[in-house]
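Here are the chains, one letter per residue:
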Amino acid sequence: MPHKNVDVLLDALELIPVGNRPRVVVTGGRDGDPLPSAVMARGLEDSVEIVGWLSDDELDALYRQASIVVLPTRFEGFGLPVLEAMERGIPVLCSDLPVLREVGGDAACYVDTTNAAAVADELIDLLDDHEQRAERAVAGRARARLFSWARTAAITAETLRAVANEGG
């Protein structure tokens, strides 16, 4: 999907020397997805794996293998992948968007995803800095504990009651 902005990640990978280039796994997609062609056009077949839609168990296994999660999206309604990664103790590099800052707080790393060079630099910096990744893993787990479906349901119910009382 164009708003996921995976092209900037591919552009960033092109800027990273082959010997330092990380392996990137992209989930999702559908028939007719232009991403495989974009990967081949850039010569990134050895660095990028497109796995399509995954079951919960498959996604969990992929998270267990991940060093970081990168979310270069142009917009999100909430940023669930940021929360999912932090919950698992995986450092996050994501777009500098208000909604993602709301979810990631100080635990995530933010980057201007209109700038492929900045994405490449931040990606390599985070991958190379084991201490920072460890700190962000701990901070991410702590941050993720602030979110829960029960809390979301309670806030939603409270908001609905307040709106209903105002209309009556």
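For clarity, every value in this text was computed on a predicted model and none was experimentally measured. (Residues numbered from 1 in each chain as written. Predicted model: local features only at pLDDT ≥ 70, side-chain atom pairs only at ≥ 80, totals over all residues. Heavy atoms only, no water.)

Describing the nonpolar core
Stated formally: Here the nonpolar core consists of buried residues drawn from Ala, Val, Leu, Ile, Met, Phe, Trp, Tyr and Cys, with membership extended through side-chain atoms lying within 4.5 Å. Think of it in three bands: residues with accessible area under 20% of the maximum for their type are buried, residues over 50% are exposed, and the middle band is partly exposed, with areas taken using a 1.4 Å probe on protein chains only. For helices the rule is a DSSP run of H or I covering at least 4 residues; for strands it is a run of E covering at least 2, with both sets numbered from the N terminus onward. Every residue pair with non-hydrogen atoms within 4.5 Å of one another is taken to be in contact.
Judged by nonpolar contacts, the single largest core of 26 residues is most densely connected at Leu10, Leu13, Val48 and Leu123. Mapped by element, the contributors of at least two residues to this core are α1 (6-15), β1 (24-27), α2 (35-41), β5 (109-111) and α6 (116-128). Here the element with the most residues in this core is α6; it accounts for eight residues. Setting aside its immediate chain neighbours within four residues, Leu123 contacts Leu9, Leu13, Ile16, Pro22, Ile68, Val70 and Leu93.

Here we look at the packing of α1 against α6
We count it as follows: Lines fitted to the C-alpha atoms define the axes, with helices restricted to the stretch that makes contact. Angles between their N-to-C directions range from 0 to 180 degrees. Throughout, the term roughly parallel applies to angles under 35 degrees, roughly antiparallel to angles over 145, roughly perpendicular to angles from 65 to 115, and oblique to all others. A crossing counts as left-handed when the near helix is turned anticlockwise from the far one by less than a right angle, and as right-handed when that turn is clockwise. The nonpolar class holds Ala, Val, Leu, Ile, Met, Phe, Trp, Tyr, Cys and Pro. Asp, Glu, Lys and Arg form the charged class, and all remaining residues, Gly among them, are polar.
Between α1 and α6, the shortest axis-to-axis distance is 8 Å and the interhelical angle comes to 70°. The orientation of α1 with respect to α6, classified from their angle, is roughly perpendicular. Along this stretch, α1 crosses α6, giving a crossing that reads as right-handed. The residues of α6 that touch α1, namely those facing Val8, Leu9, Asp11, Ala12, Leu13 and Leu15, are Ala116, Ala117, Val119, Ala120 and Leu123. Classifying every residue of the contact of α1 with α6 by side-chain character gives ten nonpolar, no polar and one charged.

Here's the deal with a negative patch on the surface
Here is the rule: Patch construction takes residues with relative accessible area above 30% that form no salt bridge. Like charges are linked within 9 Å, and nonpolar side chains (Val, Leu, Ile, Met, Phe, Trp, Tyr) are linked within 5 Å. Note on areas: Shrake-Rupley, 1.4 Å probe, and residue coverage restricted to the protein chains presented here. Salt bridge, as applied in this entry: a Lys or Arg side-chain nitrogen positioned within 4 Å of an Asp or Glu carboxyl oxygen. Counting rule for charge: Lys and Arg are taken as positive, Asp and Glu as negative, and neither His nor the chain ends is counted. By convention, charge coordinates are those of NZ in Lys, CZ in Arg, CG in Asp, or CD in Glu.
Taken together, the side chains of Asp121, Glu122, Asp125 and Asp128 present a region of like negative charge at the surface. Mapping Asp128 onto the fold places it in helix α6.

Some points on the environment of Leu127
Among the structural elements, Leu127 can be located in helix α6. In sequence terms Leu127 and Leu160 are 33 residues apart; their C-alpha atoms lie 44 Å from each other.

Digging into the sheet that holds strand β4 (residues 92-95)
Definition in use: Pairing between two strands requires that DSSP report at least two bridges joining them.
The strand order across the open sheet built from three strands is β3-β4-β5, with neighbouring strands paired in parallel fashion. The sheet is open, and its two edges are formed by β3 (69-71) and β5, each paired on a single side. For this sheet, the mean angle separating the axes of adjacent strands, direction not counted, is 20°. Sheet topology note: the β4/β5 ladder contains three bridges and is parallel. Bridge pairing links Leu93 to Cys109 in β5. Against the sheet, helix α4 (residues 80-87) makes contact with β3 and β4, and its axis sits at roughly 170° relative to β4, the strand it touches most.

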